[in-house]
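Residues per chain are reported as follows:
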Amino acid sequence: MDISQLSLMELKSLERQIPREIRRRAAEEKSNVRRKLEKLAQENGFTLAELMEAGRSITRKSSGKGVAKYRHPQLANLSWSGRGRKPRWVESWLTDGGKLEQLAV
């Protein structure tokens, strides 16, 4: 489609129509894919809900917060495992001339 020859009014009309059409077609495609998946699941003796639930039970292991390796000297509730980005209180401690080893648990 060559849009270079369209008038401004025609282009504005298209601008309004395109998002609606994209949403309509996306919904239609999702529906078609879902029907295909349901048919495939049924052919193999399952329901789509069963397969989706089975996929949820496989969870990756959470690394968790980790054990605290560093703790604020005055505020015991502030701790850091040493992994990831340094918390602000650690950055502030280091900026003020403190050493990371002083915070070690």
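Residues numbered from 1 in each chain as written. Predicted model: local features only at pLDDT ≥ 70, side-chain atom pairs only at ≥ 80, totals over all residues. Heavy atoms only, no water.

A. How the structure looks around the overall build of the chain. From N to C terminus, the chain includes three helices and two strands. Counting helices and strands in the order they occur from the N terminus, the chain gives α-α-β-β-α. In summary, the chain has a C-alpha radius of gyration of 28 Å against a globular reference of 13 Å for 105 residues, an excess of more than 25%. Expressed as a percentage of its 105 residues, the buried residues of the chain come to 10%. Considering only intrachain contacts with a sequence separation of at least 6, the fraction spanning at least 24 residues in the chain is 21%. Accessible surface computed for the chain: about 9,500 Å², of which carbon and sulfur atoms make up 54%. A gap of 8 Å separates the mean positions of the 22 positive and 13 negative side-chain charges of the chain. (Helix = DSSP H or I, 4+ residues; strand = E, 2+ residues; numbered from the N terminus. Rg over C-alpha atoms; globule rule 2.2 N^0.38 Å. Buried < 20%, exposed > 50% of the residue type's maximum accessible area, 1.4 Å probe, protein only. Contact = heavy atoms within 4.5 Å. Areas by Shrake-Rupley, 256 points an atom, 1.4 Å probe, with all protein chains shown as cover. Lys, Arg positive; Asp, Glu negative; His and termini not counted. Charge placed at Lys NZ, Arg CZ, Asp CG, Glu CD.)

B. Fine view of a positive patch on the surface. On the surface, K12, R16, R20 and R23 cluster together into a positively charged patch. The residue R20 is located in helix α1 (residues 8–43) in this model. (Patch = residues over 30% accessible without salt bridge, like charges linked within 9 Å, V, L, I, M, F, W, Y side chains within 5 Å. Salt bridge = Lys/Arg side-chain N within 4 Å of Asp/Glu carboxyl O.)

C. Examining the nonpolar core more closely. In this structure, Y70, W80, W89, V90 and L103 together form the largest nonpolar core, which totals five residues. Leaving out residues up to four positions away in the same chain, W80 has contacts with A68, K69, Y70, R85, K86, P87, W89, V90 and L100. (Core = buried A, V, L, I, M, F, W, Y, C linked by side-chain atoms within 4.5 Å.)

D. Representation of the environment of R23. Inspection of the secondary structure assignment puts R23 in helix α1. The class for R23 is exposed, based on a relative accessible area of 54%. Taking C-alpha positions, R23 is 25 Å from S7, a pair spaced 16 residues apart along the chain.

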